[in-house]
Amino acid sequence: MKTFELKPLTLAMAMIAVPAFAQEASNTSGDATLEEITVTGSYAGSLAKALDTKRDSTNMVDSILAEDIADFPDQNLAESLQRIPGVAIDRDDGEGRTITVRGLGSTYTRVQVNGMQAQSLAAGSGGVRTDRSFDFNVFASELFNRLDVYKTTSAELEEGSLGATVALQTARPLDYDTFTLVANTQGGYNEQTGEFAPRASGLFSVSNEDKTLGFLLSAAYSEKKNGTEGAETVRWETWEGSKGTGQFNCSACDTEEERAAVAQSWHPRIPRYADKTNDQERLGLTSSFQWQPADSTLITVDALYSNVDVIRNEPYLGNISLARLDTKPSTGTSEMDIIDYIIDGNGTMTDATVTGSDVRSENFRANWGSEYKQYSLALEHEFSDRLRMNALVGATESVMDNREVTVVFEHFSEDDSRRYVDYADSSDEFSWSYNGSDSLDLAYGFDLSNPANWEMSEYRDRLYDASSETGHASVDFEFDLSESFTLKAGANSNSYGYDIIGQRADKAFDKADAEDGTIDGSACGVSAALTANDGKSVNSAGQNYFQANFGVSDTLLESGCWDYAVHAGDTRKVDEDSRAVYVQVDMDTDIAGYRLRGNLGVRRANTELSSTGVTAYTDENDVDHVVDVTVNHEYDDTLPSLNLALNVTDDVILRASAAKVMSRPNLTDLNPGGSVSIFGEPKVSYGNPFIEPFRAKAYDLSAEWYFAESALVSLALFQKDIESFPTSEKVDMAWSETGLPDSMLGAQVDQLKDAIFEVSRKVNGGGATIQGWELQYQQPLTFLPGPEWVQNFGVQTNYTFVDAETDSGSEMLGVSETSYNITLYWENDDFQARISNAYRGEYLTNIGREEYVGESSNIDFSASYNVSDNLKVSFEALNLGDEPKYRYLDEDVQRLYDEHFSGAQYFIGAQYKF
């Protein structure tokens, strides 16, 4: 693995070498670097403004202004943010959902909306998101006019970030003309589904001539009908894996050596095709009122609302027996017989035909909605020329409800003990062929479309109700000690609450049949045998088969054999109160003829935490119980920080930063709920509300050369030394040390309250080191020779390298070693066009199973034409190459986990300014 270290000698050499190079470049170029260049068009203009923000900042900041968001071929904020150096995105259903900054995932990134902490609750292909990550798909990009990514921190920035602080800002009226009215409309087409969907947005802003009073309202509405197709194996297993004992039948094995090779080979766990749809409807609103009663006072009231409704359909057809490595008779792999096979040189069973297999028709639907509200009141006041104050109070609320329903029909093998029905065709033969890429060929031995070849097997119905609330109050003061030094001090208080309740009505049909009192193939009056009314014959991913009808949900729930019960693992509550104070000194002075800016400060934060979870246990009468367990915890952090920016010349800036940073633990890890087993060997399994926050020391160094107007070359080096990450452990512990109440021991309390339990829990584990560099270049190509139109080209590009390794020497989750973005644009007063490529290298998603997401390269294009001063028409094309999301196991062999294609998307739109 490549290594890169920011050693003190390296830093010193860089500090000496870059100024010397920059001074030489400045002397040789003379005044040529200051040549006036007239920038036409909104995109080039917005890039120039973003560079001005970066240049004037003391911290390391990258920004995107409103023109970038409006003009980039991006449908949400995450895809806009990926244009910033060091930022990569995670895609789900073909679009960006969360971000990674310099190797650290969304859990470690703090997102603020209009100056306040924000959390957008959402669900995705992996189910309900239960961490602190921010799902950018909840908000339409049109609602915001500015994004800032702070890669270094200072005392005045709120704590809570290891990777970066992302500040999102909605539009405000006093930033616009006295009257502004803009309307946008688009029609989108998804290549995968072949369906059209509308998208529209508008902004209305009005203020008086003196610009002391203004009101703004913006709205964005969109529909999306996306599809995903591909192949899945849902991991690979061996017959000698940890889940099984190696029991299998192999008629094709003529010798013990062949049988041993089969036992050790890797076979797909659930080979199947994917044919998913994702229908989304999203509405967003913002409003802002600003009043400046005096030159020294500005009052701003902001409100933000977003609502997202999503229906995800994921039907599957596949062999389920391969996933059942068990020792029970006539089930899983032990019931199958391998009658033909091929094993390649990597030990992968690429082709096989088996008999005695169970085939499953599974229909899954998730229907979730998320609503976000935020209100804030900001006051800016100047007491004098030297003393200023900013105050902010506000609240946010995010609620989400999600229902996930799965109806399972099964074609059991002839000898399977769970089989109730005599099928029209009892063949249980199945074969697969896998050629080492995304190609899976599957074949079944019976008529898949005939309902008489299926029976009811399982029903899952899961409800999730989640809510998140925050309250914020802060006040900041600035006092100019002199022309060169400013003293800053402030305090803030944040209350945060997260609550999720999960219920499940999950049950296999044979268990429901047994629990209704009589095992007769009828569970509370619901028959295992199916008719045409229980589903329909569909063509999904090129296969014709009988698929369940979701209408059976009502029948099953009303029968009495399937009822909801609280699920301990899906239910938890966290209340978190944090208070912080800081003091900081800013400077802007000359040292030996060089301009030096900087800030030095310290932040002191206190966090009080109350975690509640549900613990399940079974008493001596074999009766199941659940009990709420609440644990309180408190911790403090002292966070010093230093930022320096040295202007070596008018055009060259060196920056250096050092800070202690922290990010609060994942919500899932804080859950004190779990399970207690008091029969046999006593065991406890639960989370750990005493997990410490992620703490790190961060070091940054950069050199920026603004060699021409609207142009930049920069190199940034970074390193983060992280103290620890939570890890799972099993330890023997006295019951009294678990913190759980004695009542959970039931009648055996006297025997067990002093006993030793095997405890599975989360603890603070080893740390990690992340280091790397970013290279950025952008410039209008006005220097190109030839006709004038050639000089209308421009380029914006960046490259990031990250080397991340844990103290144990393993890879870190979610870290891509390399990523880059490149945009080539052309524009004049009337026409603009851009093509962009965003690349992200492979990254690890599961250490134990060596699961990776493969590299990806997404190409987007957009163009617009100003028909008049008021009317602009546009065309956008996203994911032009239909780049898939490819997951695999084993970095060297790359056995397919799944590969999903979401198709290109095209948008035609118009914008009118009144």
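Here, the structure is the one placed above.
Predicted model only: the values in this text are computed from it and were never measured. Throughout this document, residue positions are counted from 1 along each chain, in the order its sequence is written. Per-residue local features of the predicted model are confined to residues with pLDDT of at least 70, and side-chain atom pairs are confined, for both listing and counting, to 80 or more; whole-chain, interface and lining totals are unaffected and use all residues. Hydrogens are left out, water is left out, and the side-chain values use all remaining heavy atoms of the structure.

Focus on helix α7 (residues 552–559)
Where we set the bar: For every residue, the accessible area (1.4 Å probe, protein chains only) is compared with the maximum for its type, and the residue is labelled buried under 20%, exposed over 50%, or partly exposed between those bounds. Secondary structure follows DSSP: runs of H or I at least 4 residues long count as helices, runs of E at least 2 residues long count as strands, and numbering of each begins at the N terminus. Here the arc refers to the directions that run from the helix axis out to each C-beta atom. In what follows, residue pairs with any heavy atoms lying within 4.5 Å of each other are defined as contacts.
Buried residues of α7: Val552, Ser553 and Leu556, and no others. One face of α7 carries all of its buried residues, which in axial projection span an arc of 105 degrees. Considering only its buried residues, α7 is in contact with β21 (387–411), β24 (455–480) and β28 (526–527). Looking one or two places after α7, you find glycine 560, whose phi comes out positive at around 100 degrees.

Structural notes on the sheet that holds strand β4 (residues 109–113)
Our working rule: A pair of strands counts as paired when DSSP detects no fewer than two bridges linking them. To obtain an axis, a line is fitted to C-alpha atoms, over the contacting stretch when the element is a helix, and the angle between two such axes runs from 0 to 180 degrees between their N-to-C directions.
Overall, mixed pairing links the 5 strands, which are arranged β1-β8-β9-β4-β5 in an open sheet. The open sheet has two free edges, formed respectively by β1 (61–65) and β5 (116–117), since each of these has just one partner strand. Examined bridge by bridge, strand β8 (residues 144–150) and strand β9 (residues 164–170) share 6 bridges and lie antiparallel to one another. Bridge pairing in β9 links aspartate 148 to alanine 167. On top of the sheet, helix α2 (residues 42–56) reaches β1 and β8; it is set at about 155 degrees to β1, its chief contact.

Points about the pairing of strand β48 (residues 856–866)
In this sheet, β48 lies alongside strand β45 (residues 831–840) in antiparallel orientation, the contact comprising 10 bridges. Across the sheet, the residue bridging to tyrosine 839 is serine 857, located in β48. Here β48 folds back onto strand β49 (residues 871–878) in antiparallel fashion, the turn holding 4 residues.

Topic: the environment of lysine 536
Secondary-structure assignment places lysine 536 in strand β29 (residues 535–540). Each C-alpha atom of the pair lysine 536 and phenylalanine 546 lies 5.5 Å from the other, and the pair is 10 residues apart in sequence. Apart from residues lying up to four places away in sequence, lysine 536 is in contact with Tyr545, Phe546 and Gln547.

A look at the pattern of salt bridges
As a reminder, the rule being used: Should a side-chain nitrogen of Lys or Arg be within 4 Å of a carboxyl oxygen of Asp or Glu, the pair is scored as a salt bridge.
Summed over all chains, the structure comprises 48 salt bridges. One salt bridge connects arginine 110 with glutamate 158, and the closest N-O pair in it is separated by 2.5 Å. Here glutamate 158 lies in the loop between β8 and β9 and arginine 110 lies in strand β4, a separation of 48 residues in the sequence. As far as burial versus exposure is concerned, arginine 110 and glutamate 158 are alike and both buried. Among the salt bridges present, the one from arginine 360 reaches glutamate 362, with a minimum N-O distance of 4.0 Å. We note that arginine 360, like glutamate 362, is buried. Here the residues in one salt-bridge network are Lys54, Asp62, Arg102, Lys151, Asp700 and Glu774, joined through shared partners.

Regarding the packing of aromatic side chains
How two aromatic rings sit relative to each other is given by the distance of their centres and the angle of their planes. Short version of the rule: Pairs were defined over the aromatic rings of Phe, Tyr and Trp, the Trp ring being its six-membered one, requiring ring centres within 6.5 Å. Orientation was assigned from the angle between planes: stacked under 30 degrees, edge-to-face over 60, tilted for the rest.
According to the stated counting rule, one finds 32 aromatic pairs in the structure shown. Relative to tyrosine 799, the ring of tryptophan 773 lies with its centre 5.4 Å away and its plane at 35 degrees, an arrangement referred to as tilted. Of this pair, tryptophan 773 sits in strand β42 (residues 768–780) while tyrosine 799 sits in strand β43 (residues 793–806); the two residues are 26 residues apart in sequence, bridging distant segments of the chain. On the basis of relative accessibility, which here comes to 26%, the residue tryptophan 773 falls in the partly exposed class. Overall, the relative accessible area of 29% leaves tyrosine 799 in the partly exposed class. Ring geometry for tyrosine 886 and tyrosine 888: centres 5.2 Å apart, planes at 45 degrees, overall tilted. Here a set of aromatic residues connected by ring pairs shows up, and it is made of Phe134, Phe136, Phe139, Phe144 and Tyr372.

Remarks on unusual backbone geometry
In the Ramachandran plot, lysine 211 falls in the positive-phi region, its phi being about 55 degrees despite a non-glycine side chain. Structurally, the position occupied by lysine 211 is in the loop between β11 (195–207) and β12 (213–232). What makes lysine 211 partly exposed here is its relative accessible area of 24%. Even without a glycine there, the phi angle at valine 234 is positive, about 50 degrees. As for its placement among the helices and strands, valine 234 is situated in the loop between β12 and β13 (236–237).

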